[in-house]
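For reference, the chains in residue letters:
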Amino acid sequence: METRAKVLHWFIRGGTLTTPNGATFTIGVEPIVVGRNEGADVVLDDHEVSGVHCELRAVTEGIAVRDLGSTNGTFCSNVRIRDALLTSNAELTVGGTRLTITPSGNKQRVELGYSDRFGSIVGVSPRMRRVFSVLEKVAATPLSVLVLGETGTGKEGVARAIHDASPRKGGPFVVVDCGSIPQTLAESILFGHEKGSFTGANERRYGALAEANGGTLFLDELGELPIDLQPKLLRALSERQVKRIGGTTFDHIDVRVIAATRRDLSSEMNAGRFRSDLFFRIAQVRIELPALRERLGDLPMLIEDICTRVQQAWAAPIVHDWIGRRMASHDWPGNVRELVNVVSVAATLAHTPEAIDDVLLLARSGDQPTQSTQPATAFSDAKRQAIEAFERNYFTELNRRAKGNVSEMARQSGMERHHVRAYLRKYGVDKPAG
């Protein structure tokens, strides 16, 4: 009989929010949004309050308050705050409304769950375990999900993992990068078009919404979606039907939407650059991924996982030791994506540790590579062979993940398609069977 790992817990200090009319709301680990918009958790009928004004959540030390880019500000004891931590009874002023905040006298226990991974995402830190416990519950539902986080934190990996763990896993997983599609083609890419509906429309084309029918549509960088398309997308999702450009009939769609953004959509909504009704339609569940610098305790597990994925599992201890010595003060601005690049190269060069210094440290100001004890010609040959091995492994694995789709490989690697094709030809990487 399989024995499950002991469930971990996180202790937080929650509390309550009370409005002037006596309505009381519990402040827990999930943020509650205060605003004038009907989609907010605490709706205030006050014209001086922004659509989404501020949010409150329970943390270990007390109640965290964050202003969401409101027009008139959030005040505590006549001091305007952007981020604050409340540890005792306080009064918040939002617009012309006063809210009473009462932290709990006792800490409450929140289960973090058993898991240290979800799909391809791994981590043992409390924040990641909390994310995994939420994802495990959400994946089986039809709820739309908004994944928040800095560039490189793994938002698309989370989206794919949700899809793979959902009842829709046998359906398509369609990706639309809202930040890279030309504005003139955005409507066609999302909704499709009929032949002859505009210049260059030489054939009928189904849009991403129709292509994702029965599966999942992942809208990456949702905050970049043109404002004029937002009401059309909202209507399509609400009515579960789509009409191609130039078409006269609607097609039924059954699509789950997962979106991701690195933008502060709250500020975008208050500035009128993003529709709040679309936000609340898509953000039925919000998942916030922490930056890598906020979960450095996950580094050993991440390094081991990355080394295994690039077929260099044996190198994990060497790479971990090298990163600990050479990059101990690095704050990883590129997050997990940057770590993947560093570890992939380091793991391939681990046969000659001096080569790791030579390749990875020369680009970092203030870092000096150790001197090689090998003759220059032997070192150069070793480095060339190691880099070639890395490139071969990288593009072989990339080809496998993308199932031979060059456009998808280009998107994942951040390279132009002709460069990807050149590497595939160089190393004789063929399209995977099946």
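Structural notes, computed from the coordinates. Counting restarts for each chain, with residues numbered from 1 along the sequence as it is written. pLDDT decides what is reported in this predicted model: residues at 70 or higher carry local features, side-chain atom pairs at 80 or more are listed and counted, and totals for whole chains, interfaces and linings draw on all residues regardless. Side-chain numbers come from the whole structure's heavy atoms, not from hydrogens or water.

**Concerning the pairing of strand β20 (residues 216-220)**
Next up, step 1: To sort residues, take the accessible area from a 1.4 Å probe on protein chains only and compare it with the maximum for the residue type: under 20% means buried, over 50% means exposed, and anything in between is partly exposed. To qualify as a helix, a DSSP run of H or I must reach at least 4 residues; to qualify as a strand, a run of E must reach at least 2; elements of each kind are numbered from the N terminus. Most of β20 sits out of view: 5 of its 5 residues are buried.
Next up, step 2: Of the two faces of β20, the one carrying Thr216, Phe218 and Asp220 and the one carrying Leu217 and Leu219 are both buried.
Next up, step 3: Here strand β17 (residues 173-177) runs beside β20; their pairing, made up of 5 bridges, is parallel. Counted as the bridge partner of Val175 is Phe218 from β20.
Next up, step 4: Bridge count between β20 and strand β23 (residues 256-261): 4 bridges; the pairing is parallel. Considered in β23, the bridge of Phe218 is made with Ile258. Strand pairing follows a simple DSSP-based rule, namely that at least 2 bridges must link the two strands.

**Focus: the environment of Pro172**
Next up, step 1: Turning to its location among the elements, Pro172 is positioned in the loop between α2 (155-164) and β17.
Next up, step 2: Given the relative accessible area of 31%, Pro172 is considered partly exposed.
Next up, step 3: Sequence separation between Pro172 and Met415 is 243 residues, and the spatial gap between their C-alpha atoms is 24 Å.

**Concerning the sheet that holds β17**
Next up, step 1: One open sheet accounts for 5 strands, arranged β17-β20-β23-β16-β24; its pairing is parallel. The strands lining the two open edges of the sheet, one partner per strand, are β17 and β24 (285-288). On average, adjacent strands in this sheet sit at an angle of 20° to one another, irrespective of strand direction. Axes, fitted as lines to C-alpha atoms, cover a helix only where it is in contact. Angles between the N-to-C directions of the axes lie from 0 to 180 degrees.

**With respect to the pattern of salt bridges**
Next up, step 1: What makes a salt bridge here is a side-chain nitrogen of Lys or Arg within 4 Å of a carboxyl oxygen of Asp or Glu, nothing more. Counted according to the given criterion, the structure contains 23 salt bridges.
Next up, step 2: Residue Arg263 pairs with Glu268 through a salt bridge whose shortest N-O separation is 3.7 Å.
Next up, step 3: Exposure remark for Arg263: the relative accessible area of 34% places this residue in the partly exposed category.
Next up, step 4: A relative accessible area of 10% places Glu268 in the buried class.
Next up, step 5: Of the charged contacts, one joins Arg325 and Asp321 as a salt bridge, the two residues approaching to 3.0 Å between their closest N and O atoms. With a gap of 4 residues between them, Arg325 and Asp321 both fall in helix α9 (residues 316-326), about one helical turn apart.

**Section: the environment of Thr60**
Next up, step 1: Summarising the element assignment, Thr60 is placed in the loop between β6 (54-58) and β7 (63-67).
Next up, step 2: As a C-alpha pair, Thr60 and Gly28 span 32 residues in sequence and 11 Å in three-dimensional space.

**Description of the nonpolar core**
Next up, step 1: One finds Val176, Leu209, Leu217, Leu219, Leu222, Phe279 and Ile282 to be the most contacted residues of the largest nonpolar core, which totals 37 residues.
Next up, step 2: Elements represented by at least two residues in this core include exactly β17, α3 (186-191), α4 (208-211), β20, α5 (230-239), β23, α6 (265-270) and α7 (276-282).
Next up, step 3: The contact partners of Val176, leaving out residues within four places of it in the chain, are Ile181, Ile189, Leu190, Ala208, Leu217, Phe218, Leu219 and Asp220.
Next up, step 4: Within the second largest apolar cluster, 28 residues are counted, among which are Leu292, Leu299, Leu302 and Trp322. Nonpolar core, defined: a set of buried Ala, Val, Leu, Ile, Met, Phe, Trp, Tyr and Cys residues in which side-chain atoms within 4.5 Å join the residues together. Here, residues are in contact when the closest pair of their heavy atoms is within 4.5 Å.

**Considering the sheet that holds strand β8 (residues 74-76)**
Next up, step 1: What the 6 strands build is an open sheet, ordered β3-β2-β12-β11-β8-β9; its pairing is antiparallel. Two strands bound the open sheet, and with one partner strand each, they are β3 (24-27) and β9 (79-81). Between one strand axis and the next, the sheet turns through 30° on average, direction left out of account.

**Comments concerning the packing of aromatic side chains**
Next up, step 1: Pairs were defined over the aromatic rings of Phe, Tyr and Trp, the Trp ring being its six-membered one, requiring ring centres within 6.5 Å. Orientation was assigned from the angle between planes: stacked under 30 degrees, edge-to-face over 60, tilted for the rest. For the structure on display, the rule yields 3 aromatic pairs.
Next up, step 2: For the ring pair Phe173 and Phe218, a centre distance of 6.2 Å and an interplane angle of 15° mean the geometry is stacked. Pair noted here: Phe173 is in strand β17 and Phe218 is in strand β20, with a separation of 45 residues, a long-range link. No difference in accessibility class separates Phe173 from Phe218, as the two residues are buried.

**Considerations on the side chain of Ser125**
Next up, step 1: By secondary structure assignment, the location of Ser125 is in the loop between β15 (121-122) and α1 (126-139).
Next up, step 2: Here Ser125 falls in the buried class, since its relative accessible area comes to 11%.
Next up, step 3: Beyond its immediate sequence surroundings of up to four residues, Ser125 is in contact with Arg295 and Asp298.

**Let's talk about α9**
Next up, step 1: Within α9, burial applies to Ala316, Val319, Trp322 and Ile323. What you see down the axis of α9 is that its buried residues fit within an arc of 130°, all on one side. Exposed side chains of α9 directed beyond 90 degrees from the buried face belong to Pro317 and Arg325. To obtain the arc, one takes the directions from the helix axis to the C-beta atoms.

**A few points about the packing of helix α8 (residues 299-309) against α9**
Next up, step 1: Between α8 and α9, the shortest axis-to-axis distance is 9 Å and the interhelical angle comes to 135°. By the angle between their axes, α8 is oblique relative to α9. Relative to α9, α8 is oriented so that their crossing is right-handed. Contacts from Pro300, Ile303, Glu304 and Cys307 in α8 reach Ala316, Val319, His320 and Ile323 in α9.
Next up, step 2: Across the contact of α8 with α9, the residue classes break down as 6 nonpolar, 1 polar and 1 charged. Note on terminology: angles under 35 degrees are roughly parallel, angles over 145 are roughly antiparallel, angles of 65 to 115 are roughly perpendicular, and the others are oblique. By definition, any crossing whose near helix is turned counterclockwise from its far helix by less than a right angle is left-handed, and any crossing with a clockwise turn is right-handed. Gly is put with the polar residues, along with every residue not named as nonpolar or charged; the nonpolar set is Ala, Val, Leu, Ile, Met, Phe, Trp, Tyr, Cys and Pro, and the charged set is Asp, Glu, Lys and Arg.

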